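Residue-level structural notes
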Amino acid sequence: MSQPRTFQCDVAIIGAGTAGLAAERAARGNGASTLLIDPDFSGTTCATVGCMPSKLLIAAAKAHHAVSRADQFGITVGEVGLDDAAIFGRVRAERDRFVALTQKSIGEIPESVRIRARARLSGPGKLELDDGRHVEARAIVIATGSRPAMPDALAALGDRVLTNETVFELQRLPRRLAVMGSGAIGLEMAQAFARLGVEVALFDTSRTMASLRCPRVHAALQSIIARDVDIHLGVDARPEPCGDGIRMHWTGASDGEATFDQVLVAIGRPPALDGLGLDTAGLALDDRGVPCHDRNTMRCGNSNVFLAGDVAGDHPLLHEASHDGAIAGRNAAACPAPIKVDRHVPFSIIFTDPQVVTIGQSEADSAVSGTADFGDQGRARVEARNEGALTLYAAAPDGVLIGADLVAPDGEHLGHLLAWAIQQKMTATQVLQMPFYHPTIEEGLKQALRTVCAATPISIPDDQDTGSPPGA
Ligand SMILES: Cc1cc2nc3c(=O)[nH]c(=O)nc-3n(C[C@H](O)[C@H](O)[C@H](O)COP(=O)(O)OP(=O)(O)OC[C@H]3O[C@@H](n4cnc5c(N)ncnc54)[C@H](O)[C@@H]3O)c2cc1C
Ligand SMILES: NC(=O)c1ccc[n+]([C@@H]2O[C@H](COP(=O)([O-])OP(=O)(O)OC[C@H]3O[C@@H](n4cnc5c(N)ncnc54)[C@H](O)[C@@H]3O)[C@@H](O)[C@H]2O)c1
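Residue indices begin from 1 for each chain and proceed along its sequence in written order. All chains are assigned letters beginning with A, and all ligands numbers beginning with 1, in the order in which they are written. Where local features are concerned, this predicted model is filtered to residues with pLDDT of at least 70; where side-chain atom pairs are given and counted, the filter is 80 or more; whole-chain, interface and lining totals use all residues. Processing note: side-chain calculations cover all non-hydrogen atoms of the structure and skip hydrogens and water entirely.

1. Remarks on unusual backbone geometry
- In this model, D353 is joined to P354 through a cis peptide bond whose omega is -5°.
- The backbone of D410 shows a phi angle near 55°, a positive value even though the residue is not glycine.
- Residue position: D410 is located in the loop between β20 (400-408) and α10 (411-423).
- Within the chain, K425 stands out as a residue other than glycine whose phi angle is a positive 55°.
- Helix numbering and strand numbering both begin at the N terminus, where a helix is a DSSP run of H or I of at least 4 residues and a strand a DSSP run of E of at least 2. Note that K425 resides in the loop between α10 and α11 (428-432).

Listed below in structure tokens is the structure:
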């Protein structure tokens, strides 16, 4: 039977990544007929070239690093070897397992809902597919994700250039790697490759890594990363071909040049909006070309177009993509009567060792801040992981916690505790009234919480001991 040239549905979703899948589930769950359009259905960015393969490479680096420093505990390990094929083999085998799980869940979506094609807007409520077919929908969710920024001059370096889309396909560890960008990808990959024995240099035009807001925490991060990686901040770095590799020239806060085998470009992932025909939809665009939208509804103005995930350019993170998708899908099904949804406190973790966490608001918005240092923290010392710093931000007059910056051992777990407390609008006093087990990294929070209490009218809870067990 020939395929229809024009499909009709309540909600059409462009892009079957994390956000698009969540939007389709939410729209269908709310009674809408749906169509989910993607050229590949190959799995999400998270599973294929994002969160999962990057954490798998970091896991290999962590294992190598742990063995290499075992001697400080009096444990002698023979010569430590690195088997490139086995390292990348595990990364890809486990990654493929996650991809297969994602593809299985895509396969469970009714076949009539899935359309394999690339879509563009062609008028209000209308889409044109790249195979000549058309879609008419009451509402449209754009969930096309983001792509690595790649200036032409860098692209011209061919396969000497790596991005998150190619780095996990390496067969061998390079001997020397330049990393451009000290954001989430740059930091995670620079430290991981360095801890796998690669000579790594990191370059950023900005003087601040990971867009960290607190200078104390940034200084701690910089000294931690500098133990493994040669860092150049505030520089304009220009690679040019040199034999099979590249010669990097940099100027700015420092000047220099050096030769590398390859360069990993991690200078941001702008929203994937090219070729979407946004001009046909009459949407107002911001200065990045992203349709203006309300984060509480994910609706673009008063139109029937919704955004979800990285394409919205708000917080390009997995949990935000899936929350965006749920909100956009539900509201697209209910269009034109969207409900407003409260958003989670902004929260990001960069999986370096130790991890970097940014939560909520910063010093600029706070009345009071409290700090902690992990250099002498008890449990951190026990495990020889005693490094890092934390700054908590609180509002006046009662010390309600509003944000935090930290680089600390078990930062991902401290970050969750703090993000949950901040989302619950807890005061420093209320958090101090919670049980703190000894000896734990969590005890490291107490100093910062007490500083906030001391600076606000509400003091340290009077039924709580103010002393500290050894090393807390
Ligand atoms: C290396 C790396 C590591 C990361 N690590 C983490 C992490 O540890 N934790 C975390 O929270 N986040 C992490 N992220 C971010 C996270 O992966 C993204 O925020 C998330 O995957 C975005 O999901 P999405 O649905 O918006 O996009 P995607 O999953 O990219 O989906 C977009 C889909 O749209 C489709 N598409 C594009 N254009 C069209 C079109 N015209 N027509 C039809 N379909 C189209 C694409 O084929 C794709 O399937 C990482 C990202 C990277 C790159
Ligand atoms: N753990 C995580 O949650 C995680 C991990 C990886 C990626 N991600 C997501 O992926 C997104 C993209 O990651 P990313 O690291 O590519 O982007 P990013 O926005 O996090 O960082 C980009 C960095 O590149 C720098 N830069 C820009 N132009 C440059 C140039 N020409 N030369 C040198 N440096 C330059 C910027 O100053 C910035 O520090 C992140 O925003 C994040 O949301 C998340």
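Next comes the rest of the description.
2. Focus on the confidence of the model for the protein
- Chain-level pLDDT for the protein is 96 on average; 98% of the residues reach the 70-or-more range.
- By mean pLDDT, helix α12 (residues 445-454) is the weakest element of the protein at 94, and helix α6 (residues 184-194) is the strongest at 99.
- Taken together, the chains of this predicted complex give a pTM of 0.97 and an interface ipTM of 0.99. Per-residue confidence from the prediction method is given by pLDDT, with values spanning 0 to 100.

3. Structural notes on the site of ligand 2
- Residues are classed as near a molecule or strand on a simple rule: at least one heavy atom within 4 Å of it. For ligand 2, the set of nearby residues contains 22 residues, the closest of which are I185, E188, D204, P316 and I349.
- Here a polar contact is taken to be a pair of N or O atoms separated by no more than 3.5 Å, where protein atoms must pair a possible hydrogen donor with a possible acceptor and residues adjacent in sequence count only if both atoms sit in side chains. Take P316: an N or O atom from its main chain is 2.7 Å from an oxygen atom of ligand 2.
- Where accessible areas are quoted, they stem from the Shrake-Rupley method and a 1.4 Å probe; at the residue level, only the protein chains shown are allowed to cover. Look at ligand 2: alone it shows 840 Å² of surface, and the protein chains cover 73% of it.
- Secondary-structure elements contributing two or more residues to the shell around ligand 2 are α6, β9 (199-204) and β16 (347-350).
- Tallying contributions element by element places α6 first for the shell around ligand 2, with 4 residues.
- Just so you know the grouping, Ala, Val, Leu, Ile, Met, Phe, Trp, Tyr, Cys and Pro go in nonpolar, Asp, Glu, Lys and Arg go in charged, and all remaining residues, Gly too, go in polar. Each residue belonging to the shell around ligand 2 can be placed in one class, and the counts come to 11 nonpolar, 7 polar and 4 charged.

4. Description of the UniProt feature "domain: FAD/NAD(P)-binding" (unreviewed entry) in the protein
- UniProt positions are given in the numbering used here, feature names are shortened, and annotations may be inferred rather than shown by experiment. When the UniProt feature table is mapped onto this chain numbering, "domain: FAD/NAD(P)-binding" (unreviewed entry) sits at residues 10-325.
- Summarising residues 10-325: 30% helix, 24% strand, and an end-to-end C-alpha distance of 16 Å.

5. Points about the site of ligand 1
- Not every one of the 35 residues close to ligand 1 is listed here, only the nearest: A19, D38, T45, K55 and D310.
- One of the backbone nitrogen or oxygen atoms of A143 is found 3.5 Å away from an oxygen atom of ligand 1.
- Within the contact set of ligand 1, an oxygen atom lies 2.9 Å away from a backbone nitrogen or oxygen of L318.
- Burial of ligand 1 by the surrounding chains reaches 89%, relative to a free accessible area of 1,000 Å².
- Going through the elements one at a time, α1 (18-29), β2 (34-38), α2 (45-49), α3 (51-68) and α8 (318-334) are the ones with two or more residues in the shell around ligand 1.
- Partitioned by chemical class, the residues of the shell around ligand 1 number 18 nonpolar, 11 polar and 6 charged.

6. A word on the UniProt feature "binding site: NAD(+)" (unreviewed entry) in the protein
- Annotation from UniProt places "binding site: NAD(+)" (unreviewed entry) at G181, S182, G183, A184, I185, G186, L187, E188 and G268. Maximum C-alpha separation among the annotated residues is 13.6 Å over a sequence range of 88 residues, consistent with a single clustered spot.
- If you trace the backbone, E188 turns up in helix α6.
- Looking at E188, the relative accessible area reads 7%, which means it is buried.
- In this fold, G268 is placed in the loop between β14 (262-265) and β15 (305-307).
- When residues no more than four places from it in sequence are discounted, the contact partners of G268 are R147, P148 and A149. The buried label goes to any residue with under 20% of its type's maximum accessible area, the exposed label to any with over 50%, and the partly exposed label to all in between, with areas taken from a 1.4 Å probe on protein chains only. Throughout, a contact is declared for two residues whenever any of their heavy atoms are within 4.5 Å.

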